[in-house]
Amino acid sequence: MNKTVLNNEIQKRRTFAIISHPDAGKTTLTEKLLLYGGALELAGSVTAKKKQSATSSDWMELEKKRGISISSTVLQFDFEGFKLNLLDTPGHKDFSEDTYRVLMAVDFVIMVIDAGKGIESQTLKLFEICRKRDVPIFTFINKLDRPSLPPLDLIDELEKVLNIHAYPANWPLDNGPEFKGVFDRLKKEFNLFERVPGGSYRVPVALRDASDPFIKEILHSETFKDINEELEMLEVAQEGFDHEAVLSGKTTPVFFGSAVNNFGVELLLKNLIKYSCPPVARTINGKPFPMDSSVFSAFIFKIQTNMDPRHRDRMVFARICSGKFTRDMTIINTRSKKEVRLSSSHTMFGRDREITEEAYPGDIIGFVTNADFSIGDTISSDPSVAFNEIPRFAPECFAYLLNSTMSAAKSFRKGLDHLLAEHIVQCFYLNNNVGMPLLGAVGPLQFEILQYRLRDEYSTETRLEMKQWEVMRWLPLGITGSELEGALPYNSTFGCDDQNRHVLFFQNQWGMKSFQKDHPDIELYDNPPVQPDKDI
Ligand code: G4P
C-alpha cells in the first residue's frame, strides 16, 4: 500500500481508554462521547442497560449487567474526520489483570474524577500503570452539577498525590445547583451551561467573550471575585500550556464538566483530538517498528471466551501496529510459526460485531478462532516480527484451586491448563516446589471467572482455598528466594513463577516495607525483571 495513504489513515486514528474509580462517571462519559461522535442516537441506552443489573457476580451476568461495558469491548466512532477507538477498561470489582493489559494497547487515557470526592484508590492504581508508559493523560473532573471540592484543591491533589503537573484547560464557574459553566483558558471564552432534561441530546452551549458583562450578572458577586482571583493566580503560578509536556505524560490537561448533563464533553472531545497523539509505534528490542511498513503486524492483548453465549466462541483481540489489515488475510503467529487465515475478523460495537474489511495501525481487531494464541503473541505477515512481551503485574490475591468433583480430575487438569494459557490468573510454585500451583490474581474476580469457566466449559466444580498473602514481588535476576529464607518477615515466603523467576510473598505492605528496610540493596519488582534487550 502507498505509504502516504497509510500514513494518512494512521494520523486520523486515536486509540484510548477511560480510567476511573467506580461511580465517577466512566460509563456516562463513554455514552456521551458516543453521542457526540454520532454513534448513539439517544444517550441513555448504556445506563438503561446497566439498570437491568442482576446482583449475581457470575461472569456472564456481569457482562449482561454492564451492557456495553464488557471487558475489552472496543468502540469505534468518528469525530470531525478522526476515527476514535475507545477501549473499555473494566473497573471496580471486575478489576483484573485484563484492565492492565488493555492499558498496554492504548496511546492515551482519559482519567475521570468525581469532583465531590477527588482522587480515589482505583484511579490511583490505574494512573500508576499509565504513568509507567508515560502515556498522555487527560483529566475530566465530573459532576460539577453537584457540590464539589474547591477546584484549586482538586488541582493541588492531582499534583501532590499523582505527582503530575496539572494544567486546568478550563475552570468551573461555581458548582452544584449554581454551576454555570466553564471558562476555557485555552480559547479565553466562557462556555455556559444549560441543563438538558435527562441529558439526552447535545447540550446547547452559549459562548461568551472573556470581557462579557453578562458573566458578572449570572454569578454571585463573591463567586465572580473568587473565580477571577483563581484565574489570575493560575496565570501567575503556572507556565503556559505546554503541548509537548502533555504528549510526554508530564502534564495532564484538566477539564471540568458534568457528563450526565452532556456539559463539557464536546469541549473535552475537541481538545482530545487537538492535543492527544495519533498511534504510537510499538517496539522490538527497544526500537520502534515503523507503522507505515508494508508488513502487517499486531499484538494480542486480550482473549475472551464466550463473548457470544449463542455461539460459544473464543475472541482474540489484537492491536494493529503496522501495515494494513484486510479481511481474510493470512497471518503468522510468530511465536508458534503457525499460519492462520483471519476470516472471522470483526470490529466491535458493544456485543454487536461488524465484519472488518480493513483496519490500520491503532485499530483493534477481534477475531474468532480456536487456533493456539496467547496474550502477548505477535501476529504478522512477516514471521521474524515479534513485539516485546506485555508485562505481567504483581497479583494481590492468592489461592489454591481444589477440584471438588473428583471424578472429573482429567477435565479439571485440562481446563486449568487451557485457562492458565489464556493468562486468566497467574501461576506460582511455593518454595520452588513443583507441586500444586498457587494461583495469583490482581483482583478476586479473576478467580470467579476461572471457576465459572471450569464449571461451564469443563463441567468441573472447584473450591478456592484463599491464602494470606497480599503482596508479591519479583526478585532481581540472580537472587533466589531460598537464599533469603532466614531474612523474611513473619508470614512471608518465597517461590517462583511459571517461568522460574524467583519471587517473594508478603502478608501485607508492612511486611514488604520491613524487608526493604532491612535489605535496601535488594530491589523488588512489581513486574518481572527483564533480560537486557527485552525491555517493554
Ligand atoms: P462508572 O461507570 O464510573 O461506575 O459510573 P457511571 O457512569 O455509572 O455513573 C455513576 C453514577 O453517577 C450514575 O448514577 C450516573 O448517573 C452518575 N453521574 C455520572 N455523571 C454525572 C454528573 O455529571 N452529575 C451527576 N450528578 N451524576 C452523574 P446512578 O444513580 O448510579 O445511576 P443512574 O440512575 O443515574 O443511571
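Reading guide: rules and limits
Residues numbered from 1 in each chain as written. Predicted model: local features only at pLDDT ≥ 70, side-chain atom pairs only at ≥ 80, totals over all residues. Heavy atoms only, no water. Helix = DSSP H or I, 4+ residues; strand = E, 2+ residues; numbered from the N terminus. Buried < 20%, exposed > 50% of the residue type's maximum accessible area, 1.4 Å probe, protein only. Contact = heavy atoms within 4.5 Å. Pairing = 2+ DSSP bridges. Patch = residues over 30% accessible without salt bridge, like charges linked within 9 Å, V, L, I, M, F, W, Y side chains within 5 Å. Areas by Shrake-Rupley, 256 points an atom, 1.4 Å probe, with all protein chains shown as cover. Salt bridge = Lys/Arg side-chain N within 4 Å of Asp/Glu carboxyl O. Lys, Arg positive; Asp, Glu negative; His and termini not counted. Charge placed at Lys NZ, Arg CZ, Asp CG, Glu CD. Axes fitted to C-alpha atoms, helices over the stretch in contact; angles between N-to-C directions. Arc of directions from axis to C-beta. Polar contact = N/O pair within 3.5 Å; in protein donor to acceptor, adjacent residues only side chain to side chain. Phe/Tyr/Trp six-rings, centres within 6.5 Å; stacked < 30°, edge-to-face > 60°. Lys NZ or Arg CZ within 6 Å of the ring centre and 35° of its normal. Parallel < 35°, antiparallel > 145°, perpendicular 65-115°, else oblique. Nonpolar A, V, L, I, M, F, W, Y, C, P; charged D, E, K, R; others polar.

Topic: the overall build of the chain
For the chain, the helix and strand inventory stands at 14 helices and 30 strands. A buried classification covers 57% of the 536 residues belonging to the chain. Expressed as a percentage of contacts within the chain between residues at least 6 apart in sequence, the contacts between residues at least 24 apart total 72%.

Details of the pairing of strand S8 (residues 181-184)
Pairing of strand S7 (residues 170-173) with S8, which is carried by 4 bridges, proceeds in the antiparallel orientation. In the sheet register, proline 172 faces S8, and the bridge partner there is valine 182. Judged from the 4 bridges that link them, S8 and strand S9 (residues 189-192) form a sheet pairing that is antiparallel. Of the residues in S9, the one forming a bridge with phenylalanine 183 is phenylalanine 190. Connecting the antiparallel pair S8 and S9 is a turn made up of 4 residues, with lysine 188 showing a positive phi of about 55°.

Remarks on a negative patch on the surface
Taken together, the side chains of Glu222, Asp226, Glu229 and Glu232 define an acidic patch exposed on the protein surface. Note on glutamate 229: relative accessible area 45%, which makes it partly exposed.

Things to note about the sheet that holds strand S3 (residues 82-87)
As summarised here, the arrangement of the 7 strands in space is S2-S3-S1-S4-S5-S11-S6, forming an open sheet in which the pairing is mixed. Each edge of the open sheet is held by one strand with a lone partner, namely strand S2 (74-79) and strand S6 (165-168). For this sheet the average axis-to-axis angle between neighbouring strands, irrespective of direction, equals 30°. Examined bridge by bridge, strand S5 (residues 137-142) and strand S11 (residues 251-256) share 3 bridges and lie parallel to one another. Counted as the bridge partner of phenylalanine 140 is phenylalanine 255 from S11. In this fold helix H2 (residues 26-36) packs onto strand S1 (13-20), S2, S3, strand S4 (108-114) and S5, with an angle of close to 155° to the strand it touches most, S1.

Side note on the sheet that holds strand S28 (residues 471-474)
Taken together, the 7 strands give an open sheet; going across it, the order is S27-S24-S26-S25-S29-S30-S28, and neighbouring strands pair in antiparallel fashion. Across the chains shown, the open sheet's two edge strands, defined by having one partner strand only, are strand S27 (462-466) and S28. Sheet twist, expressed as the mean angle between neighbouring strand axes with direction ignored, is 40°. As paired strands, strand S25 (residues 426-430) and strand S29 (residues 493-497) are joined by 3 bridges and run antiparallel to one another. Residue phenylalanine 428 lies in a different strand from S29, and its bridge partner there is aspartate 497. The sheet contacts of helix H12 (residues 409-421) involve strand S24 (397-403), S25, strand S26 (438-441) and S27, and relative to S24 the element is tilted by about 150°.

Concerning helix H1 (residues 3-11)
Listed in full, the buried residues belonging to H1 are Leu6, Glu9 and Ile10. For H1, the arc enclosing every buried residue in end-on projection is 100°, short of the 170-degree limit, so these residues lie on one face. Along its buried surface, H1 packs onto S1. Here H1 starts with a cap whose side-chain oxygen sits 2.7 Å from the backbone nitrogen of threonine 4, and that cap is asparagine 2.

Here's the deal with the pairing of S11
A regular strand carries its side chains on alternate faces of the sheet. Summarising burial for S11: 6 of the 6 residues are buried, a large majority. Of the two faces of S11, both are covered, the one formed by Thr251, Pro253 and Phe255 as well as the one formed by Thr252, Val254 and Phe256. Taken together, the 4 bridges between S6 and S11 define a ladder with parallel strand orientation. Note on S11: the bridge partner recorded for tyrosine 167 is proline 253.

A look at the pattern of salt bridges
On inspection of all chains with the given rule, the structure shows 25 salt bridges. The partner of aspartate 107 in a salt bridge is arginine 282, with the nearest N and O atoms 3.2 Å apart. Remark: arginine 282 occurs in the loop between helix H11 (265-275) and strand S12 (283-284) and aspartate 107 occurs in the loop between helix H5 (97-104) and S4; sequence separation between them is 175 residues. Residue classification places aspartate 107 among the buried positions, given a relative accessible area of 2%. Among the salt bridges present, the one from glutamate 465 reaches lysine 467, with a minimum N-O distance of 3.4 Å. By relative accessible area, which is 32% here, glutamate 465 ends up partly exposed. A relative accessible area of 27% means that lysine 467 is categorised as partly exposed. In this structure, a network of salt bridges that share partners links the residues Glu9, Lys12, Arg13 and Asp363.

Re the packing of aromatic side chains
If you walk through the whole model with that rule in mind, you get 20 aromatic pairs. Through successive ring pairs, a cluster of aromatic residues spans Phe398, Phe428, Trp469, Trp474 and Phe505. Directly above the aromatic system of tyrosine 167 lies the positively charged group of arginine 185, at a separation of 4.7 Å from the ring centroid.

Brief notes about H5
Each α-helix turn comprises 3.6 residues. Residues three or four places apart therefore point the same way. With 8 of 8 residues buried, H5 is to be regarded as a mostly interior element. Buried within H5 we find Glu97, Asp98, Thr99, Tyr100, Arg101, Val102, Leu103 and Met104.

Details of the packing of H2 against H11
Interaxial distance between H2 and H11 falls to 10 Å at its minimum, and their mutual angle equals 75°. Compared by their axis directions, H2 and H11 come out roughly perpendicular. Judged by residue contacts, Leu29, Lys32, Leu33 and Tyr36 of H2 engage Val265, Glu266, Leu268 and Leu269 from H11. Partitioned by chemical class, the residues of the contact of H2 with H11 number 6 nonpolar, no polar and 2 charged.

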